[in-house]
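Residues per chain, in single letters:
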Amino acid sequence: MALRIIIGLVLTVIAAVIAGRRLWWLVRLGRTGQPAPERVASLREHPGQGAETQVTQVIGQRKLLQWSVPGIAHALTFWGFIVLILTIIEAYGDLFSRHFAIPLIGTWAWVGFLEDLFAVAVLVGIITFAIIRLRNNPRREGRSSRFAGSHTGAAWIVLLGIFLVIATLLIYRGAQINTGDFPYPKGAFASQIVGHWLHPLGAANMGIETTFVLLQLAVILAFGIFVTYSKHLHIAIAPLNVLFARRPNGLGPLEPMRSGGKVLDFEEADPDEDVFGIGKIEDLSWKGMLDLATCTECGRCQSQCPAYYTGKPLSPKMIILELRDHAFAKAPYLLADSDDARAALPDAVKAEAERPIVGDEEAHGVIHPDELWSCTNCGACVEECPVDIEHIDHITGMRRHQVLVESAFPAEAATMLKNLENKGNPWGMGENKRLEWIAELDFEVPVVDGPIGDEVEYLFWVGCAGALEDRAKKTTKAIAQLLHTAGVSFAVLGPAEACTGDPARRMGNEFVYSMLAQQNIETLNEAGVKKIVASCPHCFNTIAREYPQLGGNYEVMHHTQLLARLVADGRLTPVSPIEEKITYHDPCFLGRHNRVFTAPREIMEQVPGVRAQEMHRCKERGFCCGAGGARMWMEERIGKRINTERIDEALGTDPDTISTGCPFCLVMLGDAVAAKKGSGEAKESLEVVDVAQLLVRSVQVPATVGAAAPVPDTAPEEPAAGTAEADGPAPE
Ligand code: SF4
Ligand code: SF4
């Protein structure tokens, strides 16, 4: 007995020292990151949300269970280990007394039953994981495996470790039954089966029990050490990462630029002193560092990424892993406490410390520029990640540094940035062009000139595309027509409207974004605007969720939300049938980023004759059109075009029409359809339209309005002069 105690305690102390040293090293590394007081403040302000995510996402495994088979396997393993904490207590108790039982509950049959049930559940879980890993073997499946790039060897070691934990547990419990030391007279069905197998060994069961109690502890302790050195660290830190994640999630608005935890003031900021985005690994906040350490390498994000799917070099998983590997390799440099200590470091560490965070092969960068600039900010990675890693924040942080400090970004986007600065729109068109669509209507649209007063309910935020791009202008006219028909009082800013700044911000140019945003907020506040309806999801997201960061607070709706409400209230009545099969494409910044999934579908449901057909990738799992993240203004040179991939999927539903709710999706999908028509892969009659265009075709327009109303048609038009197509850097 004494030997049993000594071996057990010595093993525990050794494991605690090794694991403790590693954890302390990780904590020190995390503390080299920037402060993130906003995360702590957010948790203080919303403790209920923090608790809710711990219950639903950590304990309830909500995000993991969205992938049914691996989700159930993970949940069984996770819940199993929670229950099996009881067996670890029992194993330690057994070191000191063969007859140990947990006080009060330690002999209850249902406790023994639960322990065995979850031991078996864990076995089922790891067998399922093994099958999943064999079927998704990156060596065979290549890039299409979600485990491509993951450290698969470590995963197999962990599966083996878990198997040994359960095997040693059941063997020592089975032996205990034969020695009469087992605390549960009934209920522990699996242990009883093993005990039955071991029964013929007679007195040897005594030795088996001692050996396997010690082996059980040794395996658990070795597993505990391995966890701190591998991706399985997530077992310990995923709850923390979820606790300090953005609320409600890492989608929607971007975070303001911060230096030392404070929001950066461009008028006072000094690029030599302040942190400008992520230019080196220690520019990440401690939460960013925690993200890196938490990644489970599951590859869910990678499997949903449109850039990765279409053959681009970007994988959100690999961004996290590359940053993590770099952080770990640079750690001795970051943790050295003096210049002398740094000078004494091995050359490999010093070389790692010199690596630029973004750079091509020649510069030996951690992240290749082609990875960085392939991101469409679609949010599929953030949506999927079971441990709430915020990929878009990291990508944007690196873009900010590249644009603001290094002036290194795709050359074709420079024109867009210059146009935003000089003309307030990406195409560089004159501000009076913003009024041209109004002249094509047969009713007056008030243009704001001073305070709008109570008689105007909504400010219709038209957006640059809606005002200046020919295809998007048809949506704008349809919305205006519908609002007019429904008797909604609205006005537009006309020439006073400038780009919200979204393309600049998503590209990383926070300076141009804040200039445009402040200008717009000033205009809106001077006009006394309270309610805004926006036709572009990017404008919608920016005004509703990013302008409050700069003091612009408005009630903002997307046009599909307002139109759905007008239909529901009977103020718009779709009557003319549209006998077509229609598939709806979810714009990322309307759907995934802002959870507007039902309004556009409700409108389509109300149009007589429409047969809606969902694409396989829809709603939360919608597939990007390729325009977000300022990709609209960059060439797509690598891999398959994202819009072509999306249209290939849409064509699988054999649609007569493809509908959407975003001017940029309209352009991207329209371009891909035009190309498909050119190659004979799509029927000539196939159209891409906004939901508002569908509705206006069906709505009973009052004779006085409707007779002469130029109901927008959907025939393709030549792009306006100065559009992306005309300027050269065409998205398609
Ligand atoms: S935001 Fe979209 S494109 Fe960017 S890394 Fe994530 S999934 Fe890929
Ligand atoms: S970032 Fe999240 S989804 Fe992607 S591999 Fe890591 S844990 Fe999985």
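Being a predicted model, the structure only gives us computed values, none of them experimental.

## Considerations on the overall build of the protein chain
- A count of helical and extended segments in the protein chain gives 34 helices and ten strands.
- For 732 residues, the compact-globule formula gives about 27 Å, and the C-alpha radius of gyration of the protein chain, at 30 Å, lands near that figure.
- Considered along the principal axes of its C-alpha atoms, the protein chain spans approximately 100 × 65 × 50 Å.
- Across the 732 residues that make up the protein chain, the buried fraction comes to 57%.
- Counted over contacts in the protein chain with a minimum sequence separation of 6, partners at least 24 positions apart contribute 78%.

## Some thoughts on the pairing of strand β6 (residues 555-558)
- In this sheet, β6 lies alongside strand β5 (residues 531-534) in parallel orientation, the contact comprising four bridges. Each bridged residue has a counterpart across the sheet, and for A534 the counterpart in β6 is H558.
- Handedness of the crossover joining β5 and β6 through helix α27 (residues 537-546) is recorded here as right-handed.

## Describing helix α1 (residues 2-31)
- For α1, spanning 30 residues, the distance from its first C-alpha to its last is 43 Å, which sits close to the expected 44 Å at 1.5 Å a residue.
- All of the buried residues along α1 are R4, G8, A15, A19, R22, L26, L29 and G30.

## Some remarks on a negative patch on the surface
- A surface patch of like charges, here negative, comprises D360, E361, E362 and D370.
- Residue placement: E361 occurs in the loop between α17 (347-354) and α18 (369-372).
- Residue E361 is classed as exposed on the basis of its relative accessible area, which comes to 64%.

## Focus on the site of ligand 1
- Close to ligand 1 lie 13 residues; C305, C375, C378, G379 and C381 are nearest.
- Of the residues contributing to the shell around ligand 1, the split by class is ten nonpolar, three polar and no charged.

## Focus: the packing of aromatic side chains
- Applying the stated criterion to the full structure yields 13 aromatic pairs.
- Ring centres of F244 and W286 lie 5.2 Å apart, and the angle between their planes is 85°; this geometry places the pair in the edge-to-face category. Residue F244 is found in the loop between α11 (234-243) and β1 (258-259), and its partner W286 is found in helix α12 (residues 286-294); the two are separated by 42 residues along the sequence.
- When its relative accessible area of 24% is taken as the criterion, W286 is described as partly exposed.
- Here the aromatic rings of Y309 and F623 are separated by 5.8 Å at their centres, their planes lie at 75°, and the arrangement is edge-to-face. Linking Y309 in helix α14 (residues 306-309) with F623 in the loop between β8 (611-612) and α30 (642-651), this pair joins segments that are 314 residues apart in sequence.
- Owing to a relative accessible area of 46%, Y309 belongs among the partly exposed residues under this scheme.

## A word on the domain arrangement of the protein chain
- Domain annotation for the protein chain reports domain 1 (2-31 + 63-242), domain 2 (251-408) and domain 3 (415-727).
- Relative to domain 2, the C-alpha centre of domain 1 lies at a distance of 35 Å.
- Taken over both partners, the interface formed by domain 1 and domain 2 buries close to 2,700 Å², and the fraction arising from carbon and sulfur atoms is 53%.
- Of all residues in domain 1, K63, R143 and N241 bury the most surface against domain 2, accounting for 26% of the area lost on that side.
- Between domain 1 and domain 2 we count one salt bridge in total.
- Salt-bridge contacts for D388 lead to K63; the nearest nitrogen and oxygen are separated by 3.1 Å.

## A word on the sheet that holds β5
- With respect to topology, four strands assemble into an open sheet ordered β4-β3-β5-β6, the strand pairing being parallel. A single partner strand is all that each edge strand has here, and the edge strands are β4 (490-491) and β6.
- As paired elements, strand β3 (residues 458-461) and β5 share three bridges and run parallel to each other. Of the residues in β5, the one forming a bridge with W461 is A534.
- Against the sheet, α27 contacts β3, β5 and β6, and its axis sits at roughly 165° relative to β6.

What counts, and at which threshold
- Residues numbered from 1 in each chain as written.
- Chains lettered and ligands numbered in written order.
- Predicted model: local features only at pLDDT ≥ 70, side-chain atom pairs only at ≥ 80, totals over all residues.
- Heavy atoms only, no water.
- Helix = DSSP H or I, 4+ residues; strand = E, 2+ residues; numbered from the N terminus.
- Rg over C-alpha atoms; globule rule 2.2 N^0.38 Å.
- Buried < 20%, exposed > 50% of the residue type's maximum accessible area, 1.4 Å probe, protein only.
- Contact = heavy atoms within 4.5 Å.
- Pairing = 2+ DSSP bridges.
- Right-handed = clockwise from strand over helix to strand, strands pointing away.
- Expected span 1.5 Å × (residues − 1).
- Patch = residues over 30% accessible without salt bridge, like charges linked within 9 Å, V, L, I, M, F, W, Y side chains within 5 Å.
- Areas by Shrake-Rupley, 256 points an atom, 1.4 Å probe, with all protein chains shown as cover.
- Salt bridge = Lys/Arg side-chain N within 4 Å of Asp/Glu carboxyl O.
- Lys, Arg positive; Asp, Glu negative; His and termini not counted.
- Charge placed at Lys NZ, Arg CZ, Asp CG, Glu CD.
- Near = heavy atom within 4 Å.
- Nonpolar A, V, L, I, M, F, W, Y, C, P; charged D, E, K, R; others polar.
- Phe/Tyr/Trp six-rings, centres within 6.5 Å; stacked < 30°, edge-to-face > 60°.
- Domains from an automatic or database assignment.
- Buried area = accessible area lost by both parts, 1.4 Å probe.
- Axes fitted to C-alpha atoms, helices over the stretch in contact; angles between N-to-C directions.

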